[in-house]
Amino acid sequence: MAASALFIHHPDNLKYFFGDTHPFNQKRLDLTISLLRAANALDVDDPTFHIPPAVDDELLASVHTQEYLSFVKALSEQTPDPTLLSQAGKYGLDDGDTPHFPGMHDVTRQVVGGSVSAVEAVMSGRTCHALHLGGGLHHAMANRAGGFCIYNDASVAISYARSRYKAKVLYVDTDVHHGDGVQMSFYTDPSVCTFSIHETGKYLFPGTGYAHERGEGEGFGTCFNMPVEPYTEDESWLECFTDMLFRIVDVFQPDLIISQHGCDAHAWDPLAHVHCSMDIYLQMPLLLQQAAERCSGRWVALGGGGYDIWRVVPRAWGLLWLVMSGHPLVGELLQHGNAPLPEAWLERWSPYSPSRLPTAWLDDKDALGSIPRREEIAIKNRQTKQLAMQFIE
Ligand SMILES: [Zn+2]
């Protein structure tokens, strides 16, 4: 095997851009790559750093309708036909969460290409682990954009693993928002199991992902949802995630795990209300790695949400790569409880960051504060977990 982990990145992913005032900001990709390079954990000239090709319309059509693809393409023109603009809302591409922009078809099929390349690299045996942080656009539906997502790269990558390799796929979504688009793509398919842990849809977009959503028809029992309470903290989040992940892996026995790594469950994320620290972003990839080792060892990880692009995302995504690539810093973090961030990275980016950058990989938990209803929240989450696992316990 040439490499144990592949880092997949195309610079054009930074063109997936909805404007300066929009919270989705792929500058976080540059910040993460810069952090990993400063930590001597990533070499962009090494074969383990891979620049992927875009996908063609045929692969996109494995998930999206022709009608939607044609509309997105037409709306991608520099000056779209005015009659199209009046229909943009029907496809989720008006001035709301996911505004259309010139070139969006080509930019987004490049994003999808990274996730498909990650699956190809792992399924062909080139590598065990592949990371594509530009991906994770989990809210896009077959015929509609939503939640900052135009095409669903995760669903297309899963479809590719099914059609090319007949792989049984477990999709694990750790974004604070429910992975609704991926769930819907495979809701009736027993060969794809989806597991999403997120803040309950009672209070947060997209308003779905309840424990009773379990799949339909032949797909019944291959969809799992763990909606956690607002203000859930590390211990309860990790308890629910660990118990469900290992049980699902043992029962489903996937050939491939594809995980989504929105890091918006952190206490500092401005778009949600879960109160976790950086600890879950160290423990969760370690758990996913163990889960992968319990079946095939094949693991693809994607990016996702994450809106504190300075203090949270680079560290969370950096930790993910450190685990996937087996970097010695992981052992140091586990042994000593923390490690400083590279001085060079802090010096380079501090002048631009609107808030003071943390100086260590993991958080000072005292600074995050504690939630007074901690026990009550943990009990409620445990009850929800039992409901979600009702048929596999
Ligand atoms: Zn999210």
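Located above this text is the structure these notes cover.
Quick caveat: nothing in here was measured; it's all calculated off a predicted structure.

### Some points on the overall build of the protein
On a plain count of helices and strands, the protein comes out with 14 helices and eight strands. Against the globule reference of 21 Å for 393 residues, the protein gives a C-alpha radius of gyration of 20 Å, in line with a compact fold. By its C-alpha atoms, the protein is 60 × 50 × 45 Å across when sized along the principal axes. Relative to its full complement of 393 residues, the protein shows a buried share of 61%. Sequence separation of 24 or more characterises 78% of the internal contacts of the protein that already satisfy a separation of 6 or more. When the accessible surface of the protein is split by element, carbon and sulfur atoms take 50% of a total near 15400 Å².

### Structural notes on the pattern of salt bridges
Tallied over the full model, the rule gives 15 salt bridges. With a closest N to O distance of 3.3 Å, Asp12 and Lys15 form a salt bridge. Residue Arg374 pairs with Glu233 through a salt bridge whose shortest N-O separation is 2.8 Å. With Arg374 in helix α14 (residues 374-388) and Glu233 in the loop between β6 (223-228) and α8 (234-252), the pair connects residues that are 141 residues apart, well separated along the chain. Exposure remark for Glu233: the relative accessible area of 12% places this residue in the buried category. Counted as one network, the salt bridges with shared partners bring together Glu239, Asp243, Arg382 and Lys385.

### Quick word on unusual backbone geometry
Looking along the chain, the bond that leaves Phe205 and enters Pro206 is cis, with omega of 0 degrees. Counting through the fold element by element, Pro206 comes out in the loop between β5 (192-199) and β6. With a phi angle near 55 degrees, Asn40 is a residue other than glycine that sits in the positive phi range. Positioned with a positive phi, Phe148 is a non-glycine residue whose angle comes to about 75 degrees.

### What about the coordination of the zinc ion?
The protein atoms donating to the zinc ion are Asp175 (OD), His177 (ND1) and Asp264 (OD), with metal-donor distances spanning 1.9 to 2.1 Å. Look at where the donors of the zinc ion fall in the sequence and you get D-x1-H-x86-D. Of this pair, His177 sits in the loop between β4 (169-173) and α7 (180-185) while Asp264 sits in the loop between β7 (256-260) and α9 (279-294); the two residues are 87 residues apart in sequence, bridging distant segments of the chain.

### Thoughts on the pairing of β6
Moving residue by residue along a regular strand, the side chains alternate between the two faces of the sheet. Counting buried positions along β6 gives six out of six residues, so the element sits mostly inside the fold. Sheet analysis places β5 next to β6, joined by six bridges and oriented parallel. Opposite Glu199, over in β6, you have Val228 as the bridge partner.

### Focus on the sheet that holds β6
With parallel pairing, the eight strands of this open sheet are ordered in space as β2-β1-β3-β8-β7-β4-β5-β6. Two strands lie at the open edges of the sheet, namely β2 (49-50) and β6, each paired on one side alone. Examined bridge by bridge, strand β3 (residues 129-132) and strand β8 (residues 299-302) share four bridges and lie parallel to one another. Within the sheet, the bridge partner assigned to His132 lies in β8 and is Leu302. Set on the sheet, helix α5 (residues 104-123) makes contact with β1 (5-8), β2, β3, β7 and β8; between it and β3 the angle comes to about 175 degrees.

### Details of α5
For α5, built from 20 residues, the straight-helix expectation of 28 Å at 1.5 Å per residue is met to within 8% by its first-to-last C-alpha distance of 29 Å. Judged by how many residues are buried, α5 sits mostly within the fold: 17 of 20 residues are covered. Looking one or two places after α5, you find Gly125, whose phi comes out positive at around 90 degrees.

### Examining empty space enclosed by the protein
Scanning the model with the defined rule gives one cavity of 30 Å³ or more in all. Around the largest cavity sit His261, Cys263, Tyr281, Met284, Pro285, Ala316, Trp317 and Leu320, which together line it. Among the secondary structure elements, those contributing two or more residues to the lining of the largest cavity are α9 and α10 (313-324). Residue composition of the lining of the largest cavity, grouped by class: seven nonpolar, one polar and no charged.

### Description of the packing of α5 against helix α6 (residues 153-165)
Put simply, α5 and α6 touch, their axes get as near as 8 Å, and they point 35 degrees apart. Once α5 is placed against α6, the crossing between them reads as right-handed. Every residue of α6 that contacts α5 at Val111, Val112, Ser115, Val116, Val119, Glu120 and Met123 is listed here: Asp153, Val156, Ala157, Tyr160, Ala161, Arg164 and Tyr165. The class makeup of the residues in the contact of α5 with α6 is ten nonpolar, one polar and three charged.

### Description of the layout of surface pockets
Within this model, the largest pocket holds a volume of roughly 320 Å³. Forming the walls of the largest pocket are 18 residues, and the residues nearest its centre are Glu233, Asp234, Glu235, Lys365 and Arg374. Of all the secondary structure elements, the ones that give two or more residues to the lining of the largest pocket are α8, α13 (365-368) and α14. Ranked by residue count, the leading element in the lining of the largest pocket is α14, at five residues. In the lining of the largest pocket, the residues fall into four nonpolar, six polar and eight charged. Put simply, the second largest pocket is a space of about 220 Å³. Around the second largest pocket sit 19 residues that line it, and Gly147, Phe148, Phe205, Leu271 and Tyr307 are the ones nearest its centre.

Rules of the game
Residues numbered from 1 in each chain as written. Predicted model: local features only at pLDDT ≥ 70, side-chain atom pairs only at ≥ 80, totals over all residues. Heavy atoms only, no water. Helix = DSSP H or I, 4+ residues; strand = E, 2+ residues; numbered from the N terminus. Rg over C-alpha atoms; globule rule 2.2 N^0.38 Å. Buried < 20%, exposed > 50% of the residue type's maximum accessible area, 1.4 Å probe, protein only. Contact = heavy atoms within 4.5 Å. Areas by Shrake-Rupley, 256 points an atom, 1.4 Å probe, with all protein chains shown as cover. Salt bridge = Lys/Arg side-chain N within 4 Å of Asp/Glu carboxyl O. Donors = N, O, S within 2.8 Å, 3.2 Å for Na, K, Ca; no water. Pairing = 2+ DSSP bridges. Axes fitted to C-alpha atoms, helices over the stretch in contact; angles between N-to-C directions. Expected span 1.5 Å × (residues − 1). 1 Å grid on protein atoms, 1.4 Å probe; cavity = no way out; pocket = protein on both sides within 12 Å on 5 of 7 lines; lining within 4 Å. Points joined across faces, edges and corners; volume = space filled by probe spheres on them. Nonpolar A, V, L, I, M, F, W, Y, C, P; charged D, E, K, R; others polar. Left-handed = near helix turned anticlockwise from the far one by under 90°.

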